[in-house]
Amino acid sequence: MQLTRTQVSRSGVRPTRASRRVLVAKAAKTANGPRVAIVGITGAVGQEFLTVLTERNFPYSSMKMLASARSAGKKQEFEGVSYTIEELTENSFNDVDIALFSAGGSISKKLGPIAAKAGAIVVDNSSAFRMTEGVPLVIPEVNPEAMSHIKVGKGGAIIANPNCSTIIALMAVTPLDRVANVKRMCVSTYQAASGAGAAAMEELRQQTRDVLDGKPAQPKIFPQQYAFNLFSHNSGMDVALGYNEEEMKLVKETRKIWNNPGIRITATCVRVPVMRAHAESINLEFEKDISEAQALEALAAFPGVSIINDRQNNRFPTPLDATTKDNVFVGRVRRDISRDDNKGLDLFVCGDQIKKGAALNAVQIAELLL
Ligand SMILES: NC(=O)c1ccc[n+]([C@@H]2O[C@H](COP(=O)([O-])OP(=O)(O)OC[C@H]3O[C@@H](n4cnc5c(N)ncnc54)[C@H](OP(=O)(O)O)[C@@H]3O)[C@@H](O)[C@H]2O)c1
């Protein structure tokens, strides 16, 4: 059946570009599909799940929309059907095969294991289980084998979606690692408002309006003025070490995903006043020689990567190129001239972190479960 759908936006939150688009898609509701629940349906990632499920024609036999008591009773349209949002409780998962969680770490910690015990396979967007031994941490293009033992119908489980900055970095760096083995990686991020959720996007809009109107910006979500400013990532800081949690996620998660505890990584994560899609500048040191041409060839062959690398016209990836797109965009691929050998490269990467950094990656994981 063909249908046309305009996604309904969360109250108080402007529709994203993706949700404003009218999507034409085949309904994927099918009697033998899995029973799906979305936890955190009203959030930035929850809303993106709906777009991605339709875009990918994901099969489902039933759909459950879950959020907090604040949202219970509100309506959410999906593929021509109006669903009533239910309050998330311990009993929400008795009739669920796949639960897509995006309601924050504390909710995942509390209810993820309960959902898995009830027989659901939890695909979790929070950091709650990423480093837990036995929980696969998966980017489907990179390490699908880590979850090959988990399938719908074989009992409950938890699978973790990596941090958005890690996913975007590894989509670009993994194909190069496969050619020349990365020895050391130095990442600087330029992270968008959307990474901190729907309320942070609204804060950037409101502060931008206020500053342009000559009024003082009123920080609520972030401690500092966000409009016309940038600051060190707002995650918790390890005072002794001098790294914030976002930076350490890049370090630890890469080691787990690549199954390479020896990989050397340093990162500086910065929040910039971009609405949606993260950018990352990445410097790489390899064990073997790698040329620019070899790197571009490997990137072009990797699924989920697009290249924008036009030196003549100074045209390289931007967050707007990546916004609402599935692929991660890579450019500025160049030999590191600070080295005397051919074992160093620099790149610039942009990816939509609500999409590939969260909802799309989780739905790709769900596809591997069928
Ligand atoms: N934004 C990103 O790009 C991104 C990327 C990767 C991972 N993540 C992770 O995904 C999760 C959600 O992020 P987000 O950006 O979508 O946040 P968000 O826009 O703030 O949405 C939070 C969602 O969680 C729900 N929620 C909050 N408290 C709840 C409770 N007690 N019970 C049930 N539901 C509750 C909210 O429902 P109500 O509306 O009812 O309050 C809302 O649906 C976080 O763990 C985040 O770290 C986000």
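Rules behind the numbers
Residues numbered from 1 in each chain as written. Predicted model: local features only at pLDDT ≥ 70, side-chain atom pairs only at ≥ 80, totals over all residues. Heavy atoms only, no water. UniProt positions renumbered as here; feature names shortened; annotations may be inferred. Helix = DSSP H or I, 4+ residues; strand = E, 2+ residues; numbered from the N terminus. Near = heavy atom within 4 Å. Polar contact = N/O pair within 3.5 Å; in protein donor to acceptor, adjacent residues only side chain to side chain. Areas by Shrake-Rupley, 256 points an atom, 1.4 Å probe, with all protein chains shown as cover. Nonpolar A, V, L, I, M, F, W, Y, C, P; charged D, E, K, R; others polar. Pairing = 2+ DSSP bridges. Contact = heavy atoms within 4.5 Å. Axes fitted to C-alpha atoms, helices over the stretch in contact; angles between N-to-C directions. Domains from an automatic or database assignment. Core = buried A, V, L, I, M, F, W, Y, C linked by side-chain atoms within 4.5 Å. Buried < 20%, exposed > 50% of the residue type's maximum accessible area, 1.4 Å probe, protein only. Arc of directions from axis to C-beta. Phe/Tyr/Trp six-rings, centres within 6.5 Å; stacked < 30°, edge-to-face > 60°. Expected span 1.5 Å × (residues − 1). Bend = angle between axes of the 7 residues up to and from the residue.

1. Quick word on the UniProt feature "domain: Semialdehyde dehydrogenase NAD-binding" (unreviewed entry) in the protein chain
Next up, step 1: Following the UniProt record, one finds the feature "domain: Semialdehyde dehydrogenase NAD-binding" (unreviewed entry) at residues 35–150.
Next up, step 2: Secondary structure content for residues 35–150 is 22% helix and 25% strand, and the end C-alpha separation is 16 Å.

2. Topic: the site of the ligand
Next up, step 1: Contacts to the ligand come from 26 residues, most closely from Thr42, Ser68, Arg70, Ser71 and Ser194.
Next up, step 2: A distance of 2.8 Å separates a nitrogen atom of the ligand from a polar atom in the backbone of Ser194.
Next up, step 3: Protein contact buries 80% of the 890 Å² of open area that the ligand shows by itself.
Next up, step 4: Breaking the shell around the ligand down by element, the ones donating at least two residues are helix H2 (44–55) and helix H9 (355–368).
Next up, step 5: In terms of residue class, the shell around the ligand is made up of 10 nonpolar, 14 polar and two charged.

3. Some points on the sheet that holds strand S7 (residues 86–87)
Next up, step 1: If you trace the six strands from one edge of the open sheet to the other, you get S7-S4-S3-S8-S9-S10, paired in parallel fashion. Two strands in the sheet have a free side with no partner beyond their single neighbour: S7 and strand S10 (157–160).
Next up, step 2: In this structure, strand S3 (residues 35–39) lies alongside strand S4 (residues 62–67), joined through five bridges in parallel fashion. The residue bridging Ala37 from the neighbouring strand is Lys64, located in S4.
Next up, step 3: Contacts from helix H3 (residues 105–117) reach strand S8 (98–101), strand S9 (121–124) and S10, with the element oriented near 175° to S8.

4. Focus: the domain arrangement of the protein chain
Next up, step 1: Under the domain assignment used here, the protein chain contains domain 1 (2–128) and domain 2 (165–353).
Next up, step 2: Using C-alpha coordinates to define each centre, domain 1 is positioned 28 Å away from domain 2.

5. Observations regarding the nonpolar core
Next up, step 1: Counting 56 residues, the largest nonpolar core has Phe93, Leu176, Met185, Ile282, Leu284, Val330 and Leu347 as its most contacted members.
Next up, step 2: Of the domains in this structure, domain 1 (2–128) and domain 2 (165–353) are the two that each give at least three residues to this core.
Next up, step 3: Those residues in contact with Leu176 that lie beyond four places of it in its chain are Asn181, Leu284, Phe286, Ile290, Ala295, Ala298, Leu299, Leu345 and Leu347.
Next up, step 4: Grouped together as the second largest cluster of nonpolar side chains are 45 residues, Met201, Phe222, Phe231 and Val363 included.

6. With respect to helix H7 (residues 292–301)
Next up, step 1: Taken together, the buried positions of H7 are Ala295, Ala298 and Leu299. Take H7 and look down its axis: the buried residues cluster within an arc of 100°, on one side only. Of the residues in H7, the exposed ones pointing more than 90 degrees away from the buried face are Ala293, Glu297, Ala300 and Ala301.
Next up, step 2: Here the buried face of H7 lies against helix H4 (164–180), strand S17 (305–307), strand S18 (328–335) and strand S19 (344–351).

7. Notes on the packing of aromatic side chains
Next up, step 1: In total, this model carries six aromatic pairs according to the counting rule given.
Next up, step 2: Judged by centre distance (5.9 Å) and plane angle (65°), the ring pair of Tyr190 and Phe348 falls under edge-to-face. With Tyr190 in strand S11 (residues 182–191) and Phe348 in strand S19, this residue pair connects regions lying 158 residues apart in the sequence.
Next up, step 3: Centre to centre, the rings of Phe222 and Tyr226 are 4.8 Å apart; their planes meet at 70°, and the pair counts as edge-to-face.

8. As for H3
Next up, step 1: If you check H3, its first and last C-alpha atoms are 18 Å apart, about what 13 residues at 1.5 Å a residue would give, namely 18 Å.
Next up, step 2: Along H3, the largest kink reaches about 40° and is centred on Leu111; proline Pro113 follows within four residues of it.
Next up, step 3: Taken residue by residue, H3 has Ser108, Leu111, Gly112, Ala115 and Ala116 as its buried positions.
Next up, step 4: Where H3 ends, the next residue or the one after it, Gly119, has phi of about 105°, a positive value.

9. Describing the sheet that holds strand S12 (residues 231–232)
Next up, step 1: A sheet is described by the order of its strands in space; here seven strands give the open sequence S12-S15-S11-S16-S19-S18-S17, paired in mixed fashion. Whereas interior strands pair on both sides, the edge strands pair on one side only; in this sheet they are S12 and S17.
Next up, step 2: Summarising the sheet, S18 and S19 pair through five bridges and their orientation is antiparallel. Looking at the pairing, Arg335 lines up with Leu345 of S19.
Next up, step 3: Across the sheet, helix H6 (residues 245–257) touches S11 and strand S15 (264–271), and the angle it forms with S15 is around 145°.

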